[in-house]
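Chain residues, written in single-letter form:
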Amino acid sequence: MNTLLKFRQTIPLSLYIHLPWCVRKCPYCDFNSHEHRGDDFRDRDYIAVLVRDLEFELPRIWGRPVQSVFIGGGTPSLFSIAAMNDLMGALRERLNLHPDTEVTLEANPGTAEAEKFRAFREAGINRLSIGVQSFDDRHLKRLGRIHDSREADAAIGMAREAGFEDINIDIMYGLPEQTVEDAVNDIQRTTDYGLTHISWYQLTLEPNTVFYADPPELPDNDSTWEMQQQGQQLLSAGGYPQYEVSAYAQKNNRCLHNVNYWQFGDYLGIGAGAHGKLTDVAGGTVRRYTRHRIPERYMALAGNESVITGDRQLSREDIALEFMMNALRLVEGFETSLFFERTGLPLRTVSPQLEQAEQQGLIEWDIKKIRPTERGRRYLNDLLQLFNV
């Protein structure tokens, strides 16, 4: 049996809320998303169920401040103004939220409405993440997106006019039939908007997707590496230094919610298919859990223990591996003290792996800090595999 972990302080807590419906499922998407069918889309009913689910979880987090909220999907911007007001009001009534708590909503250009964006901002949502993916209409069509570049531009304008100062754009590279020039043009156009944050990541073919079952022809490794190199240079020159594998931000505009994930913080997850991780500081354990994926089943069961489909206590080995899988994604790495703070384990638990990684030129470390080298970032999977023992 595992010895109980020893924690000296409470772990930071975030909240993730999953809204699982989309207008259309994209062929590359492996998230828990489902096409909604017009008139049967009762968004306020789903919000009422979310609130019931949250109330069921409150005893596990009672009194803990929530440092960030992320409303993801699916396509949360499909939800009505009334539904989002219901949700934000319920969160303020039940959680320890600071008025300036980061609250992010995912939005797709094809569902953007100026009136909605203004109302969402007034409801207390202060960060918008817009899933553009590309500004090239050819690539958008190949990706199965429901918007075009004109609508992407309009959505960004609407977000600014609605009062959002903190805006992220999602952009992908390594797309079917994409050239290096195409990818560079996308990044140049993205930086030209001067928004606060850019998430730029390579398209991968994930299991249980249309693209995985019927793979499109993607650019070769040399081309995608060139896209990455040129894109990162443009992002840096445009005032967006990289701080994580796929995250680039202007000064003081990093996504606090995602940083909490990468630093192995806690998060409560509610909604169909949501995952969570919670640390019991007094009990010396860390648990992960998942909820029912099918929206109808989730809505029928939310509010009691039967909504949980997976609940397991992490072993010491699991905890050490998961911490490293997250923290080594950060360009600046992490303070050595953070390992003990977030895992309850002494750093010597992973000393042999750290020494091996250093010998292979994958990390730099000393008594204060551990960080991946440029080689370690390029061969991140190899670096992480060292900790999978």
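Just so it is clear, the model here is predicted, and its values are computed rather than measured. The residue numbers shown here count from 1 along each chain, following its written sequence. Since the coordinates come from a predicted model, pLDDT governs what is reported: local features require at least 70, and pairs of side-chain atoms require 80 or more to be given and counted, while whole-chain, interface and lining totals use all residues. No hydrogens and no water enter the side-chain calculation; it runs on all heavy atoms of the structure.

Caption draft 1: Representation of the packing of helix H2 (residues 81-94) against helix H3 (residues 114-123) in the model. Only the stretch in contact is used when a helix axis is fitted, and all axes are lines through C-alpha atoms; the angle between N-to-C directions ranges over 0 to 180 degrees. In this description a helix means any DSSP run of H or I spanning at least four residues, a strand means any run of E spanning at least two, and both kinds are numbered starting from the N terminus. The geometry of H2 relative to H3 is characterised by a closest axis approach of 9 Å and an angle of 10 degrees between their N-to-C directions. Here H3 runs roughly parallel to H2, going by the angle between their axes. For the pair formed by H2 and H3, the contact residues are Ile-81, Met-84, Asn-85, Met-88 and Arg-92 on the first element and Glu-115, Lys-116, Ala-119, Phe-120 and Ala-123 on the second. Note on residue classes: Ala, Val, Leu, Ile, Met, Phe, Trp, Tyr, Cys and Pro are nonpolar, Asp, Glu, Lys and Arg are charged, and everything else, Gly too, is polar. Of the residues contributing to the contact of H2 with H3, the split by class is 6 nonpolar, 1 polar and 3 charged. Oblique is the label for any angle not under 35 degrees, not over 145, and not in the 65 to 115 range, which are roughly parallel, roughly antiparallel and roughly perpendicular in turn. Whether two residues are in contact is decided by their heavy atoms, any of which lying within 4.5 Å being enough.

Caption draft 2: Quick peek at the pattern of salt bridges. A pairing counts as a salt bridge when a side-chain nitrogen of Lys or Arg comes within 4 Å of a carboxyl oxygen of Asp or Glu. One pass over the full model with this rule turns up 20 salt bridges. Arg-371 is the salt-bridge partner of Glu-364, the closest N and O atoms lying 3.7 Å from each other. The network of salt bridges with shared partners includes Asp-53, Glu-57, Arg-60, Arg-291 and Glu-305.

Caption draft 3: Structural context of helix H13 (residues 351-359). Residue exposure (1.4 Å probe, protein chains only): buried if accessible area is under 20% of the type maximum, exposed if over 50%, otherwise partly exposed. Every buried residue belonging to H13 is among Ser-351, Gln-353, Leu-354 and Ala-357, and all of these are buried. All buried residues of H13 fall inside an arc of 160 degrees around its axis, so they share one side. Away from the buried face of H13 by more than 90 degrees, exposed residues Pro-352 and Gln-359 are located. Those residues of H13 hidden inside the fold are in contact with helix H11 (316-327), strand E16 (363-365), strand E17 (369-372) and helix H15 (380-385). Gly-361, located one to two residues past H13, shows a positive phi value of around 75 degrees. As used here, the arc belongs to the directions running from the helix axis to the C-beta atoms.

Caption draft 4: Looking closely at the state of the cysteines. Counting rule for disulfides: a pair of cysteine sulfur atoms within 2.5 Å. All chains considered together, the criterion is met by 0 disulfides. The thiol of Cys-26 is not disulfide-bonded; the next cysteine sulfur, from Cys-29, is found 6.3 Å away. The class of Cys-26 is buried, set by a relative accessible area of 11%. With no disulfide of its own, Cys-255 lies closest to Cys-29 among cysteine sulfurs, the gap being 18 Å. Taking the relative accessible area as the measure of exposure, Cys-255 reaches 1% and is therefore buried.

Caption draft 5: How the structure looks around the packing of aromatic side chains. When two rings of Phe, Tyr or Trp (its six-membered ring) have centres within 6.5 Å they constitute a pair, described as stacked for plane angles under 30 degrees, edge-to-face for angles over 60, and tilted for the intermediate range. Inspection of every chain in the model, using the stated rule, returns 13 aromatic pairs. On the basis of an interplanar angle of 85 degrees and a centroid distance of 5.0 Å, the ring pair of Phe-323 and Phe-334 is categorised as edge-to-face. Placement of Phe-323 in helix H11 and of Phe-334 in strand E15 (residues 334-335) is noted, with a sequence separation of 11 residues between them. Overall, the relative accessible area of 0% leaves Phe-323 in the buried class. With a relative accessible area of 3%, Phe-334 lands in the buried category. With a centroid separation of 5.1 Å and 85 degrees between ring planes, the pair formed by Phe-323 and Phe-339 is classed as edge-to-face. With Phe-323 in helix H11 and Phe-339 in helix H12 (residues 336-343), the pair connects residues that are 16 residues apart, well separated along the chain. Of the residues examined, Phe-339 reaches a relative accessible area of 0% and is grouped as buried. Three or more aromatic residues link up through ring pairs in this structure, and these residues are Trp-21, Tyr-46, Phe-79 and Tyr-298. A ring is scored as having a charge over it whenever the NZ atom of a lysine or the CZ atom of an arginine sits within 6 Å of its centre and within 35 degrees of its normal. A cation over an aromatic ring shows up here: Arg-121 above the ring of Phe-164, its NZ or CZ 5.9 Å from the ring centre. Across the ring face of Phe-264, the terminal group of Lys-277 is positioned such that the distance to the ring centre comes to 4.2 Å.

Caption draft 6: Seen up close, unusual backbone geometry. Cis geometry is adopted by the peptide bond preceding Gly-74, which originates at Gly-73 and carries an omega value of 20 degrees. The phi torsion at Asn-252 lies on the positive side, around 65 degrees, for a residue other than glycine. Examined against the element boundaries, Asn-252 turns out to sit in the loop between strand E10 (247-249) and helix H9 (256-262). With relative accessibility at 74%, the residue Asn-252 sits in the exposed group.

Caption draft 7: Just the nonpolar core, in detail. Grouped together as the largest cluster of nonpolar side chains are 66 residues, with contacts concentrated most on Ile-17 and Ile-71. When sequence neighbours within four positions are dropped, the list of residues in contact with Ile-71 reads Ile-17, Leu-19, Pro-76, Met-84, Leu-87, Met-88, Val-103, Thr-104, Leu-105, Glu-106 and Ile-125. What is meant by a nonpolar core is a set of buried Ala, Val, Leu, Ile, Met, Phe, Trp, Tyr and Cys residues, joined one to another through side-chain atoms within 4.5 Å. The next biggest cluster of nonpolar side chains, apart from the first, holds 28 residues, and it includes Val-286, Phe-323, Ile-363 and Leu-383.

Caption draft 8: The side chain of Lys-277, seen in detail. In this structure, Lys-277 sits in strand E12 (residues 275-280). The class of Lys-277 is buried, set by a relative accessible area of 0%. Polar contacts, as used here, are pairs of N or O atoms within 3.5 Å; protein pairs need one atom able to donate a hydrogen and one able to accept it. Residues neighboring in sequence count only if both atoms are side-chain atoms. Within the structure, Lys-277 has its side chain in polar contact with the backbone oxygen of Phe-264 (distance 3.1 Å). A polar side-chain atom of Lys-277 sits 3.2 Å from the main-chain carbonyl oxygen of Gly-265. Those residues within four positions of Lys-277 in sequence are excluded, and the remaining contacts are Phe-264, Gly-265, Asp-266, Tyr-267, Val-286, Arg-287, Arg-288 and Tyr-289.

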